[in-house]
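# Architecture and fold: a report
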Amino acid sequence: MKTYLDIAVLNNIAWCEIICKTHQIEYSSSRHVWGILSKAPPFYPDIITSSKAATTKEVVDFMGDKNILSIKDSFADLKLQPYGFKQLFQAEWIYHPPISMPKLLDSPWRVIATEDELKKWTSVHGSEQVIKKNLLGRNDVKIFIHEHKDGISGFIANLGADVVGISNVFSNGYIEKDLWSDIVHVVSTVFPDLSMVGYEHDDDLKSALSCGWVSLGPLYVWVKS
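Parameters and conventions
Residues numbered from 1 in each chain as written. Predicted model: local features only at pLDDT ≥ 70, side-chain atom pairs only at ≥ 80, totals over all residues. Heavy atoms only, no water. Salt bridge = Lys/Arg side-chain N within 4 Å of Asp/Glu carboxyl O. Helix = DSSP H or I, 4+ residues; strand = E, 2+ residues; numbered from the N terminus. Pairing = 2+ DSSP bridges. Buried < 20%, exposed > 50% of the residue type's maximum accessible area, 1.4 Å probe, protein only. Polar contact = N/O pair within 3.5 Å; in protein donor to acceptor, adjacent residues only side chain to side chain. Contact = heavy atoms within 4.5 Å. Core = buried A, V, L, I, M, F, W, Y, C linked by side-chain atoms within 4.5 Å. Axes fitted to C-alpha atoms, helices over the stretch in contact; angles between N-to-C directions.

This next bit is on the pattern of salt bridges. Under the counting rule described, the total for this entry stands at 6 salt bridges. Here Arg110 and Glu147 are joined by a salt bridge, their closest N and O atoms 2.7 Å apart. A residue pair is termed long-range when its members are at least 10 positions apart, and Arg110 in strand 6 (residues 109–111) and Glu147 in strand 7 (residues 141–148) qualify at 37 residues. Where Arg138 meets Asp140, a salt bridge forms, and the shortest distance between an N and an O atom there is 2.8 Å. Residues joined in a network through salt bridges with shared partners are Arg110, Glu117, Lys120 and Glu147.

The following block contains the structure:
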C-alpha cells in the first residue's frame, strides 16, 4: 500500500513528465528510478528515485554513460559522493489533507488563461525558459497568480497520482503564512476533495508547516561536484 510519501514522489514525477513533454524531452524508468534521456530543463533533475527501494547501485546503473548533473534522492538515503556528487540542498515532502468547504478569499487569486499573463508570471518567477505556453488550457495543470500593489505571487498545481501537487511557489510582497493558507483554499475550489502534496525547504517550509501542512520526510538534491 502506497504511503502519502510515495504518492508525493509519484506526483512530482508526473509533473516532471509534463514539463518534459512541453520541452519535447524523452524520459524512461526502471523499477525504482525515473530519468530523462537528454539534458534536463533548468531547475529540473536528470534522475528521480521513485521508490524507497531504490539503491545507489540501481541509480548508478541507470545513469550508465549519460552526462547526469542532478539527482533528486526522494527518500534521502543514497550514497552518491563516491560518484562525484554533492548535496545541493535538503528539503521535506509536505502534505495537506483535502478540505470539504474552502473559504472564499478576499485576495484576488486567479488561474492564468493568456500568454500575456503567463509572460508576466514567468518574468517575476525567473522561469521564462522553463514554463511554456503549451501548459495553458490543460485540465491537469493550473498556474495561479496573485497581483497586488507590492508585486506578484504565484504557484502551480498539477494533478497526478490522485493528488494535487503544489510547486513553483513564489511570494513577492505577500505574507508567507497567508500564502500557504491561501493555497489550500484556492486549490480546493479548482480541484475539490483532493489531498495536496509538494516539497519545500528553509523559510517556505516553515511557513507551510505553520499553517497546517505536515512533513512526510526528507529528500536530497545532488549535483555534480
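Let's shift gears to the pairing of strand 7. Pairing geometry for strand 6 and strand 7, over 3 bridges, is antiparallel. Bridging across to strand 7, Trp109 finds its partner in His146. When strand 7 meets strand 8 (residues 151–160), the two strands line up antiparallel, connected through 8 bridges. Its bridge partner lying in strand 8, Ile143 is registered against Ile156. Where strand 7 folds back onto strand 8 in an antiparallel hairpin, the turn is made up of 2 residues.

What follows is about the side chain of Ser50. In this fold, Ser50 is placed in the loop between strand 3 (47–49) and helix 2 (56–63). A relative accessible area of 17% means that Ser50 is categorised as buried. Of the polar contacts made by the side chain of Ser50, one reaches the backbone nitrogen of Val33; its length is 3.4 Å. Residue contacts for Ser50: discarding those within four places in its chain leaves Val9, Leu10, Ile13, Arg31, His32, Val33 and Phe75.

Moving on, we come to the nonpolar core. Membership of the largest hydrophobic core comes to 37 residues, with the highest contact counts inside it found for Trp15, Trp121, Ile131, Leu135 and Ile143. Mapped by element, the contributors of at least two residues to this core are helix 1 (4–22), strand 2 (33–36), strand 5 (85–96), helix 3 (115–125), strand 7, strand 8, strand 9 (163–170) and strand 11 (214–224). When residues of this core are assigned to their parent elements, the largest contribution, 10 residues, is made by helix 1. Residues in contact with Trp121, not counting those within four places in the same chain, are Ile112, Ser127, Ile131, Ile143, Phe144, Ile145, Gly154, Phe155, Ile156, Asn168 and Phe170.

In this section: unusual backbone geometry. A positive phi angle, close to 75 degrees, is found at Phe43, a residue other than glycine. The backbone phi angle of Asp193 is positive, close to 65 degrees, even though this residue is not glycine. On the secondary structure map, Asp193 appears in the loop between helix 4 (176–190) and strand 10 (196–200).

To continue, consider the sheet that holds strand 9. Read from one edge to the other, the open sheet built from 11 strands follows the order 1-2-3-4-11-5-10-9-8-7-6, with strand pairing classed as mixed. The open sheet has two free edges, formed respectively by strand 1 (27–29) and strand 6, since each of these has just one partner strand. In this sheet, neighbouring strand axes are inclined to one another by 25 degrees on average, regardless of whether the strands run parallel or antiparallel. Sheet topology places strand 2 next to strand 3; 3 bridges connect them, and they run antiparallel. Directly across from Trp34, in strand 3, lies its bridge partner Ile48. Contacting strand 1, strand 2, strand 3, strand 4 (70–73) and strand 5, helix 2 crosses the sheet at an angle of about 25 degrees to strand 2.

Of note, Val111 is situated in strand 6. Its relative accessible area of 32% is what places Val111 among the partly exposed residues. Distance from Val111 to Ile145, taken between C-alpha atoms, is 6.4 Å for residues 34 residues apart in sequence. Those residues in contact with Val111, other than ones at most four positions away along the chain, are Glu117, Lys142, Ile143, Phe144 and Val190.

It is worth spelling out the side chain of Ser70 at this point. Mapped onto the elements of the fold, Ser70 is located in strand 4. Classification of Ser70 by relative accessible area gives buried; the value is 12%.

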